[in-house]
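# An overview of the molecular structure
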Amino acid sequence: MQSADIRQPIGERLKSLARRWFPERQIVIREGVSVRALTLSTRMQTFTAAGVLVFGVWALVGSIGYGYQSYKVDKKNAEIERTRIAYHELIEEVSSQHGKFLSITKDLNYYRSYLLTLIEQNEGLRNDLASIHNRLEDSETEKERYASAEDALRKQLHNLESELTNLSERNDLLQTDVSVMRSRVVSTEDERRRAAAARAAIDRNIARLEGELLMAQNRTVELEKILVQKQQVVDQAQAGRRQAVAERDAAVEKANQIETHMASLTQQQQQALSKLQERTQGALQKVEAVFAAAGVDPKRLAPIFNGRDGRGARGGPFVPWSEQVKGLAPEVQGKSTELGTALEKLEVLRPVLTSLPMAVPVKADYAVMSGFGYRRDPFNGRAALHEGLDLQAALRTPIRPGAPGRVVFAGWHPQYGRLVEVDHGYSIRTRYAHMDELSVTDGQEVDRNTVLGLMGRSGRASGIHLHYEVVVNGRPLDPANFMKAASNVLKIK
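Keep in mind the model is a prediction, meaning the values are calculated, not measured.

### Looking at the overall build of the protein
The helix and strand tally for the protein stands at seven helices and 14 strands. Taking the contacts inside the protein whose residues are at least 6 apart along the sequence as the reference set, 68% of them involve residues at least 24 apart. By element, 54% of the accessible surface of the protein is carried by carbon and sulfur atoms, the whole surface being about 31,400 Å².

In structure tokens:
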């Protein structure tokens, strides 16, 4: 018998098992005097039991999936909160770096002024040294001239002394001759007259010689006075030379000290600029990594101001940066220029970074029901392009913007229902659709804490959720990339 059952087809066995578990039943319904019977066939009971079983399995799987999804949502919210904190720390760090750059620029200007003063002092010392060398050369020349004059005077004095000696000898000879002549004059009158005439001539000669001797003595006194004056001048010149040599040595020592101090200042400036440049380049690379993770090219973002580079209206006279750093060392000038370029690029990217919608618009527990890109349309089942994210949460959950900006549309849209569109600048916009209630108006400035509205299912929506879009330069991008890019902000410290 058992072997016969085994040989039966599976379908017959299932029908037999269904008839055994779910035999045909009747439900008698009495209404007043009329009685009706409702027959429950084995097939109806089987389908009903199968439906109940499928519903139970679906409910069990849904409960497990909802619990797992809630766990993932809590974990993602914690990660987003850490990302938001790190993002604010990044903004503070960038502001701090900008302040440090301004402080270092001010110190560099001060050091430049101080170095220019030192260079002027050094140039003045070099001029003083040149003047002292010239004075020394003049004093050496004058000393040689005075020495030559002194030798000439000494030779003249020696010649005068020789001449005086000769005059004395000649005077002695004349005295002897006078004596001889006087003895001869006594003998005859003629000889006496001749002797008188000769004596008169000799007296005249003696008077002349005595006058010459007096003039020579006066000239000797004058020459001695001149020699004393020249000696004083020579002594003064030697004292001035010694003082000039001492001043030159002091000036050389001071110039060496100035050069040593300038070298130390240059090294300190190089170290400070290298450290600041390294930190600035690191911050710039990490900021660029945030844009790359979000899939946004900053160079293609349109400016929100009227300036050529998108940084607003500016002006003022043109003062070349090379004029400000020309007093610095060449290597310091190069590092200063590179640092200025990196900081200017970082300053341009900083406001754009704050305009990126990296915050999740739903702070409460939510689930991603539909991602960006290809999907089956929930109404007609046809292939479609989904240009945003569908975030599901409780009815009337507050919706906040992903970044600060200005409301450019707040109202009803046939497809989006109650819609808010926010312009974040640099041609970056976000859209928040299917809301139950709007809390903002056109033209209103909003920040990340502003409530745009409450979650609902208005417009073309199959259920309660938020349709969230990010549009850059008129082209929709995946909002999930912006949320993931926020994780890179944790590395920028």
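### Some points on the nonpolar core
Buried together is how nonpolar side chains tend to be arranged in soluble globular proteins. Ranked by size, the top nonpolar core spans 39 residues in total, and within it Phe291, Leu353, Leu356, Val362, Tyr366, Tyr432 and Phe482 carry the most contacts. Only helix H3 (42-187), helix H4 (189-294), helix H6 (330-355), strand S6 (389-392), strand S9 (417-423), strand S10 (428-438), strand S13 (466-472) and helix H7 (479-485) provide two or more residues apiece to this core. When neighbours within four sequence positions are excluded, Phe291 is seen to be in contact with Val296, Pro298, Leu349, Val352, Leu353 and Leu356.

### Some remarks on the pattern of salt bridges
One pass over the structure, following the stated rule, counts eight salt bridges. The shortest N-O distance in the salt bridge between Arg431 and Glu469 comes to 3.1 Å. Separated by 38 residues along the polypeptide, Arg431 in strand S10 and Glu469 in strand S13 bring together distant segments of the chain. A relative accessible area of 22% means that Arg431 is categorised as partly exposed. Assessed through its relative accessible area of 1%, Glu469 is described here as buried.

### What to know about the packing of aromatic side chains
In this structure the tally under the stated criterion is two aromatic pairs. Plain terms: the ring middles of Tyr432 and Tyr468 are 5.3 Å apart, the flat faces sit at 25 degrees to each other, and that makes the pair stacked. Residue Tyr432 is located in strand S10, and its partner Tyr468 is located in strand S13; the two are separated by 36 residues in the primary sequence. As far as burial versus exposure is concerned, Tyr432 and Tyr468 are alike and both buried.

### As for a nonpolar patch on the surface
Where nonpolar side chains cluster on the molecular surface, the patch consists of Ile27, Ile29 and Leu38 and spans about 230 Å² of accessible area. Topologically, Leu38 is positioned in strand S2 (residues 34-40).

### Let's talk about unusual backbone geometry
A positive phi angle, near 55 degrees, is found at Tyr426, a position not held by glycine. Looking at the element boundaries, Tyr426 is found in the loop between S9 and S10. Of note, Ser427 is a non-glycine position whose phi angle comes to about 55 degrees, a positive value. With respect to the element layout, Ser427 can be found in the loop between S9 and S10. Relative accessible area serves as the criterion here: at 23%, Ser427 is assigned to the partly exposed category.

Conventions adopted
Residues numbered from 1 in each chain as written. Predicted model: local features only at pLDDT ≥ 70, side-chain atom pairs only at ≥ 80, totals over all residues. Heavy atoms only, no water. Helix = DSSP H or I, 4+ residues; strand = E, 2+ residues; numbered from the N terminus. Contact = heavy atoms within 4.5 Å. Areas by Shrake-Rupley, 256 points an atom, 1.4 Å probe, with all protein chains shown as cover. Core = buried A, V, L, I, M, F, W, Y, C linked by side-chain atoms within 4.5 Å. Buried < 20%, exposed > 50% of the residue type's maximum accessible area, 1.4 Å probe, protein only. Salt bridge = Lys/Arg side-chain N within 4 Å of Asp/Glu carboxyl O. Phe/Tyr/Trp six-rings, centres within 6.5 Å; stacked < 30°, edge-to-face > 60°. Patch = residues over 30% accessible without salt bridge, like charges linked within 9 Å, V, L, I, M, F, W, Y side chains within 5 Å.

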